[in-house]
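# Coordinates in review
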Amino acid sequence: MSTSSRYPFTAIVGQDDLRLALLLNAVSPAVGGVLVRGEKGTAKSTAVRALAALLPPVRTVEGCRFSCDPAAPDPGCPDGPHPADGPGGERAARMVELPVGASEDRLVGALDIERALAEGVKAFEPGLLADAHRGILYVDEVNLLHDHLIDLLLDAAAMGASYVEREGVSVRHAARFLLVGTMNPEEGELRPQLLDRFGLTVEVAASREPDQRVEVVRRRLAFEDDPAAFAGRWSGEEAGLRERVAAARALLPRVRLGDGALRRIAAVCAAFEVDGMRGDLVMARTATALAAWAGRTEVAVEDVRQAALLALPHRRRRNPFDAPGLDEEKLDEVLRDAAADAPEDEPPTPPEGQAPEEPGGGDDDGPGPGDGDGSGGLPPQRTEDSGAPAHEDAPEALTGAEPGESGGGTPRPASAEQRAVAAGEPFRTKVLSVPGLGAGAAGRRSRARTEHGRTTGATRPEGALTKLHLTATVRAAAPHQRARGRSGRGLVVRRDDLRQATREGREGNLVLFVVDASGSMAARRRMGAVKGAVLSLLLDAYQRRDKVGLVTFRGREAEVALPPTSSVDAAAARLQALPTGGRTPLAAGLLKAHDVLRVERLRDATRRPLLVVVTDGRATGGPEPVALAGRAARLHAAEATASVVVDCETGPVRLGLAGELARELRGTAVTLDELRAEALTGLVKDVTDHHRARRAA
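Residues numbered from 1 in each chain as written. Predicted model: local features only at pLDDT ≥ 70, side-chain atom pairs only at ≥ 80, totals over all residues. Heavy atoms only, no water.

The parallel open sheet is built from five strands, whose spatial order is E4-E7-E10-E1-E11. Since the sheet does not close on itself, it has two edges, and those belong to strand E4 (95-97) and strand E11 (200-204), each with one partner. When the angles between neighbouring strand axes are averaged without regard to direction, this sheet yields 20°. The strands that helix H2 (residues 44-51) touches are strand E1 (34-38), E4, strand E7 (136-140), strand E10 (178-183) and E11; relative to E10, the one it contacts most, it runs at about 165°. (Pairing = 2+ DSSP bridges. Helix = DSSP H or I, 4+ residues; strand = E, 2+ residues; numbered from the N terminus. Axes fitted to C-alpha atoms, helices over the stretch in contact; angles between N-to-C directions. Contact = heavy atoms within 4.5 Å.)

Attention now goes to the sheet that holds strand E18 (residues 609-615). The mixed open sheet is built from six strands, whose spatial order is E17-E16-E15-E18-E19-E20. Only two strands of the sheet have a single partner each, and these edge strands are strand E17 (557-565) and strand E20 (668-671). When strand polarity is set aside, the average angle formed by the axes of neighbouring strands in this sheet is 20°. Across the sheet, helix H18 (residues 586-603) is in contact with strand E15 (510-516), strand E16 (547-554), E17 and E18; its angle to E17 comes to roughly 30°.

Our focus in this paragraph is the pairing of E11. A regular strand carries its side chains on alternate faces of the sheet. Buried residues dominate E11, accounting for four of its five residues. Looking at chain direction, E1 and E11 are connected through five bridges and run parallel. Note that in E11 the partner of Arg-37 across the bridge is Glu-203. (Buried < 20%, exposed > 50% of the residue type's maximum accessible area, 1.4 Å probe, protein only.)

Let us look at the nonpolar core. Generally speaking, nonpolar side chains in soluble globular proteins are found buried as a group. The biggest cluster of nonpolar side chains holds 68 residues, and the ones touching the most others in it are Phe-9, Leu-22, Leu-51, Val-268, Met-283 and Trp-293. For this core, the element with the most residues is helix H12 (residues 278-293), which contributes nine residues. Contact partners of Val-268, with chain neighbours within four places excluded, come to Met-283, Ala-308, Leu-312, Leu-331, Val-334 and Leu-335. The next biggest cluster of nonpolar side chains, apart from the first, holds 37 residues, and it includes Val-434, Met-521, Val-614 and Cys-648. (Core = buried A, V, L, I, M, F, W, Y, C linked by side-chain atoms within 4.5 Å.)

Turning our attention to the confidence of the model for the protein chain. Averaged over all residues, the pLDDT of the protein chain is 79; the fraction at 70 or higher stands at 81%. Per-residue pLDDT, averaged within each element of the protein chain, yields its smallest value for helix H21 (residues 677-696) (45) and its largest for H18 (94). Predicted confidence is poor over residues 355-374, with pLDDT under 50, and the contacts of this stretch with residues over four places away or in other chains come to 25 contacts. Below a pLDDT of 50 lies the segment residues 680-695, which in the model reaches one contact outside its immediate sequence neighbourhood of four places, other chains included. (pLDDT = per-residue confidence, 0-100.)

A word on the packing of helix H1 (residues 16-27) against H2. Running from amino to carboxyl end, H1 crosses H2 at an angle of 30°, the nearest separation of the two axes being 11 Å. It follows from the interaxial angle that H1 and H2 lie roughly parallel. Relative to H2, H1 is oriented so that their crossing is right-handed. On H2, the residues that touch Leu-18, Leu-22, Leu-23 and Ala-26 of H1 are Lys-44, Ala-47, Val-48 and Leu-51. (Parallel < 35°, antiparallel > 145°, perpendicular 65-115°, else oblique. Left-handed = near helix turned anticlockwise from the far one by under 90°.)

Once that is clear, we can look at helix H8 (residues 210-225). Taking 1.5 Å per residue, 16 residues should reach 22 Å; H8 reaches 23 Å between its end C-alpha atoms and fits that length. Buried within H8 we find Gln-212, Glu-215, Arg-219, Ala-222 and Phe-223. Buried residues of H8, seen end-on, are gathered within an arc of 100° and therefore sit on one face of the element. Away from its buried face by more than 90 degrees, H8 exposes Pro-210 and Asp-225. In the core, the buried residues of H8 are packed alongside helix H9 (227-233). (Expected span 1.5 Å × (residues − 1). Arc of directions from axis to C-beta.)

To continue, consider helix H10 (residues 235-251). Along its 17 residues, H10 runs 24 Å from first to last C-alpha, staying within 8% of the 24 Å computed at 1.5 Å per residue. Regarding H10, the residues found buried are Glu-238, Leu-241, Arg-244, Val-245, Ala-248 and Leu-251. All buried residues of H10 project into a common sector of 150° when viewed along the axis, lining one side. Exposed and facing more than 90 degrees away from the buried side of H10 are Gly-236, Glu-243 and Ala-250. On its buried face, H10 sits against H1 and H12.

So, on to unusual backbone geometry. Positioned with a positive phi, Glu-141 is a non-glycine residue whose angle comes to about 55°. The topology assignment puts Glu-141 in the loop between E7 and helix H6 (147-159).

Quick look at the pattern of salt bridges now. Applying the stated rule across the entire model yields 28 salt bridges. A salt bridge links Glu-215 to Arg-219, with the shortest nitrogen-to-oxygen separation between them at 2.9 Å. Residue Glu-215 and its partner Arg-219 are located together in helix H8, separated by four residues, close to a single helical turn. For Asp-540, the salt bridge goes to Arg-544, with nearest N and O atoms at 2.8 Å. Across this residue pair, the class does not change: Asp-540 and Arg-544 are buried. Put simply, Arg-445, Asp-540, Arg-544 and Asp-546 are held in one network by salt bridges that share partners. (Salt bridge = Lys/Arg side-chain N within 4 Å of Asp/Glu carboxyl O.)

To continue, consider the pairing of E15. When you tally the buried positions in E15, you get seven out of seven residues, the bulk of the element. Bridge analysis of E15 against E18 gives six bridges, and the strand direction is parallel. Bridge pairing in E18 places Leu-510 opposite Pro-609.

So, in structure tokens, the structure goes:
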């Protein structure tokens, strides 16, 4: 992308935390990258793409596909060895985008296995990790990327190198880059283990201030009308910010992180119960970068505070449904307590040629991180027309509690019997899976043919060979060695001999919950137990990388409370707010679920559905409600939809209607008690003991 067609970084309105986090990573790539979370249309991608123009140019060895530095070439470079005084050139820092649908070979690079076997040559085609070396690697919608690709990506970012291994042939090359991921939480969350690998995280939202929104639209329209002219008007600010990044990079090695600052960092991480030591390390690097960005050689208390706000929110999640966040009042209290115990640090030493700072003040170029405006020393913005600084004190985003959260977020119902009931305590559930062998997206639920997993056989490759089955390839080539004139120890292999390994792993499914919210479920303890069971199944779906949907039925109709989505926490929020009462239109719920699955099969034919019906089996309302429910169930059975009925019937007298429904669906029925993994373990033990007793007799 040319500079003139890229939206200028300094023209972005607001989003102080986002801009600061990106700039800190530009100053110190060791911070570990940025994860940007936020709703659609909040300049996430625009800011990341604009950052590349602020990075200093990169000197590279001439002809090296892996961007080796002429001053310190990588000794293990596949294009090396490079002479220490070899020719070099200079190019702009790259911003490489990783598409969501990229393959593993596109990310890490591809080895030509055919040439490796036949000629003994390591023919390696670099991937996106090599292209991004010494630049930016940007992953839009990182939460939709397959887990194994995220693991490869984060491993390379942590080690600074990429390793490619195929059947004993391996290649290693340097891969140091600034990693930036963006995501919309509505489309699904990242696993906490992956969240922890990002250095900083930032929550972004559109401003609720009309003046700021007007300025955003004005600048965007001006850019679209004439990108080159718009970029020219901001070229002065871009140059100034580029120089400030370079100056902060040069100052960074001289910034001192004193014992007092280290103790404050440790106290904050301990007080917020941050797991592991990565949070401490990232906070230390971020605080150091903040000091360098402000032009100081000593880390201040405010640097530690700002570093905590950027580095810790995503490391405090104890539950997949917890939203990232940090209690700022508690943070200030911890810093005050730590200050009383911390040793006094030496006064900061200003850079050479710069006068010492006044207490609480900053330089003339912009506010420092201690100025209290939350900008971390970002340069003031100007309006497009006048050049005067734009008003950036946007109000806080609306923070009304999600439905079902503590604090009164649940909508007030019209009648007492319809009030939402809190979910019971979640538990580890029995594993529910779709029978047969699928071929859907990688996950952790049902058996499927996948690119990763245990090898189950071999076949002729239909396109490019990706996973070689070495034994099958040797067996195919062995009978033809004499005819091919083999004379040495090497095996003469031709393309027709190559065999692709077929592998079996696990896939993610579409788990569609159909929940009975009628009056028969309205007993408070009963509905609380039902919600706890569904919440437990949602947690299981989150861990197994499923898509989920929620259909509810009560009164006279059924509704899609949540269309199929990867955002399991959104389903949990809808479940918490679910009221109860009225008749039981079971047939309507099953028919609505049938419509949802029909549409989803058209959208993604490879993702197999699992229908989970949570009900006591009763059907009321309308003519012949039981017969209608049976016919609706047989529609699902005719399409071989895997289904499970969770029987919510309780009490000493049970009608067994949920079991009848499961038979109509050709599925299985489990009670709430049997849904627990512990109950399943006991059941298996009882059956095993019974079988052994019969054999002994």
